[in-house]
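Given next are the chains, with one letter for each unit.
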Amino acid sequence: MGVKIPELVCPAGNLPALKMAIDHGADTVYMGLKDATNARNFAGLNFDSKSAVEGITYAHRHGRKVLMAINTYAQAGEVRRWQQAVDTAAEIGVDAVILADFGLLNYAHKTHPQLALHMSVQGSATNYEAINLAQELFGIRRVVLPRVLTLPQVEQVIKHTSVEIEVFGFGSLCVMVEGRCLLSSYVTGESPNTFGVCSPAKYVRWEQQAARMNARLNNILIDQYAADEPAGYPTLCKGRFQVNDETYYALEEPTSLNVLEILPQLLAMGVAAIKVEGRQRSPAYTAQVTKVLRQALDLAVQCPESFTVLPQWQQALAKVSEGQQVTLGAYNRPWK
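Residues numbered from 1 in each chain as written. Predicted model: local features only at pLDDT ≥ 70, side-chain atom pairs only at ≥ 80, totals over all residues. Heavy atoms only, no water.

Q: Explanation requested: the overall build of the protein in the structure shown.
A: Looking only at helices and strands, the protein features 11 helices and 15 strands. Here the C-alpha coordinates of the protein stretch approximately 55 × 55 × 40 Å along the principal axes. Across the 336 residues that make up the protein, the buried fraction comes to 52%. At a minimum sequence separation of 6, the contacts of the protein that also span at least 24 residues come to 63%. For the protein, the accessible surface area stands at approximately 15,300 Å², while carbon and sulfur atoms represent 51% of it. In the protein, the 30 positive side-chain charges and the 31 negative ones have mean positions that sit 3 Å from each other. (Helix = DSSP H or I, 4+ residues; strand = E, 2+ residues; numbered from the N terminus. Buried < 20%, exposed > 50% of the residue type's maximum accessible area, 1.4 Å probe, protein only. Contact = heavy atoms within 4.5 Å. Areas by Shrake-Rupley, 256 points an atom, 1.4 Å probe, with all protein chains shown as cover. Lys, Arg positive; Asp, Glu negative; His and termini not counted. Charge placed at Lys NZ, Arg CZ, Asp CG, Glu CD.)

This is the structure in structure tokens:
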């Protein structure tokens, strides 16, 4: 005992998902506005000011926190749009904003000194020197680490900074270092780091044929699905391509990160928060993952030495995982 339980930070792609996360045990939820200032700018998702206020009120009534992701990079000639998003976050009473752009961090720090600042995973801060610099310049309180570090590397970062460290615990993985993806912009001309989505909906096309479904991004064939095969949203990194007469996931096979088995190690090294990816997923996904992670975290804190992953947890998560397999990702590199 004596180990501090990390915050469970869960996705809120819309108001129903926010309520599901709160009702199933999230300590904190994160949301974004209905525009390009957040990196999950999908049609039909996210919050306007009215729904954001309703969500914040609901969370605070239950003693939980709300973070707002303003985690894309401000564009030349449109900087005021991103600054206004920060202003909105401060006005409606979020507990912190999640920012990647150093210019926005500087604006938020100077304009809203009472507003807690978190550095987004899109900021690509992978070492304590970068984190401590952001703390010195902007007073950041927390950083979300990119999913490229091993457990020893995460521990090294924690030992050398007073900034809270948040790590990903479940959800879709990215083959790129977060904040540095060029694949989508190569095909569509719109980078996810500046326009908010890996595959903008306006470029996505589905072609239903007799025996298969074709998925295209900006008229480029990304994947083909059999009639009885679940069809995923077409992103370039997770497409199947023909290489040397073989067709397979040439860049990245759809796989979900799942850290249940290493929760005791994460607790012991002192991570401040464990984050669930998936604002683009359904409220049912949010409810299921939040419920399992809540139970697992609580048990890991109570019984760290005897903690084991329960089969029913894995079965529940398998139903909402991306792809057919799970991984510890970069956290586990036995060959290093």
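Q: Even after reading the chapter, I still don't get helix α3 (residues 79-92), so can you show me in this structure?
A: Residue pairs three or four apart in sequence face the same way in an α-helix, which turns once every 3.6 residues. Its 14 residues give α3 an end-to-end C-alpha distance of 20 Å, which sits within 8% of 20 Å, the value for a rise of 1.5 Å per residue. All of the buried residues along α3 are W82, Q83, A85, V86, D87, T88, A89 and I92. On its buried face, α3 sits against α2 (49-61), β3 (65-70), β4 (96-99), α4 (102-111) and α8 (192-195). Looking one or two places after α3, you find G93, whose phi comes out positive at around 90 degrees. (Expected span 1.5 Å × (residues − 1).)

Q: I tried to follow the pairing of strand β1 (residues 7-11) on my own but got confused; where do I start?
A: Two faces belong to every sheet, and in a regular strand the side chains alternate between them. Among the 5 residues of β1, 5 are classified as buried, and the element is accordingly described as predominantly covered. Where burial is concerned, the two faces of β1 agree: the one with E7, V9 and P11 and the one with L8 and C10 are both buried. Strand direction decides the pairing type here: β1 and strand β14 (residues 273-276), joined by 3 bridges, are parallel. The residue of β14 that forms the bridge with E7 is A273. Regarding the hand of the β-α-β motif, the stretch spanning β1, helix α1 (residues 15-23) and strand β2 (residues 28-31) is right-handed. (Pairing = 2+ DSSP bridges. Right-handed = clockwise from strand over helix to strand, strands pointing away.)

Q: Teacher, can you tell me more about the nonpolar core here?
A: Within soluble globular proteins, side chains that are nonpolar tend to cluster in buried spots. Grouped together as the largest cluster of nonpolar side chains are 82 residues, with contacts concentrated most on I70, L263 and L266. Ranked by residues supplied to this core, first place goes to helix α10 (residues 283-302) with 8 residues. What I70 contacts, discounting residues up to four positions off in sequence, is T37, W82, A85, V86, A89, V97, I98, L99, A100 and L104. (Core = buried A, V, L, I, M, F, W, Y, C linked by side-chain atoms within 4.5 Å.)

Q: Quick question: what am I supposed to make of the packing of α4 against helix α5 (residues 128-138) here?
A: To describe two helices that pack against each other, one gives the angle between their axes and the distance between the axes. α5 packs onto α4 with a crossing angle of 35 degrees between their chain directions and a minimal axis gap of 9 Å. Residue-level inspection shows F102, L105, N106 and H109 of α4 in contact with α5, the latter providing A134, L137 and F138. Of the residues that constitute the contact of α4 with α5, the class distribution is 5 nonpolar, 2 polar and no charged. (Axes fitted to C-alpha atoms, helices over the stretch in contact; angles between N-to-C directions. Nonpolar A, V, L, I, M, F, W, Y, C, P; charged D, E, K, R; others polar.)

Q: Got a minute to help me understand the sheet that holds strand β9 (residues 212-217) in this structure?
A: Within a sheet, neighbouring strands are paired by backbone hydrogen bonds and run either parallel or antiparallel to one another. Here we have 3 strands laid out as an open sheet, ordered β8-β9-β10, and antiparallel in their pairing. Lying at the two open borders of the sheet, with one neighbouring strand each, are β8 (204-208) and β10 (220-226). Strand-to-strand twist of the sheet, defined as the mean angle between neighbouring strand axes without regard to direction, takes the value 20 degrees. Bridge analysis of β9 against β10 gives 6 bridges, and the strand direction is antiparallel. By the bridge assignment for β10, M213 is matched with Y225.

Q: What is the right way to read the packing of α10 against helix α11 (residues 311-318) from this model?
A: Packing of α10 against α11 brings their axes to within 9 Å, and their N-to-C directions diverge by 155 degrees. Regarding the angle of α10 to α11, the classification is roughly antiparallel. The crossing of α10 and α11 is left-handed. In contact with Q288, V289, V292, Q295, A296 and L299 of α10, α11 contributes W313, A316 and L317. In the contact of α10 with α11, the residues fall into 7 nonpolar, 2 polar and no charged. (Parallel < 35°, antiparallel > 145°, perpendicular 65-115°, else oblique. Left-handed = near helix turned anticlockwise from the far one by under 90°.)

Q: Help me out: how do you make sense of the environment of L18 in this one?
A: Assignment of secondary structure puts L18 in helix α1. We classify L18 as buried; its relative accessible area is 0%. Note: C-alpha distance between L18 and T28 (10 residues apart in sequence) is 9.5 Å. Excluding residues within four positions of it along the chain, L18 makes contact with A12, V29, M31, F47, G55 and Y58.

Q: I'm lost on a nonpolar patch on the surface in this one. Help?
A: On the surface, a cluster of nonpolar side chains totalling about 250 Å² of accessible area is made up of F102, L133 and L137. On the accessibility criterion, L133 (40% relative accessible area) is partly exposed. (Patch = residues over 30% accessible without salt bridge, like charges linked within 9 Å, V, L, I, M, F, W, Y side chains within 5 Å. Salt bridge = Lys/Arg side-chain N within 4 Å of Asp/Glu carboxyl O.)

Q: Help me out: how do you make sense of helix α6 (residues 151-159) in this one?
A: Buried within α6 we find L151, V154, V157 and I158. One side of α6 carries all its buried residues, which in axial view fall inside an arc of 120 degrees. Of the exposed residues in α6, those oriented more than 90 degrees away from the buried face are P152 and K159. Of the surrounding secondary structure, the elements contacted by the buried residues of α6 are α5, β7 (164-172) and α9 (263-269). (Arc of directions from axis to C-beta.)

Q: Looking at this structure, I do not really get the environment of L137. What am I missing?
A: The topology assignment puts L137 in helix α5. Through-space distance from the C-alpha of L137 to that of L251 is 37 Å; in sequence the pair is 114 residues apart. In this structure L137 touches F102 and H109, once residues within four positions along its chain are discounted.

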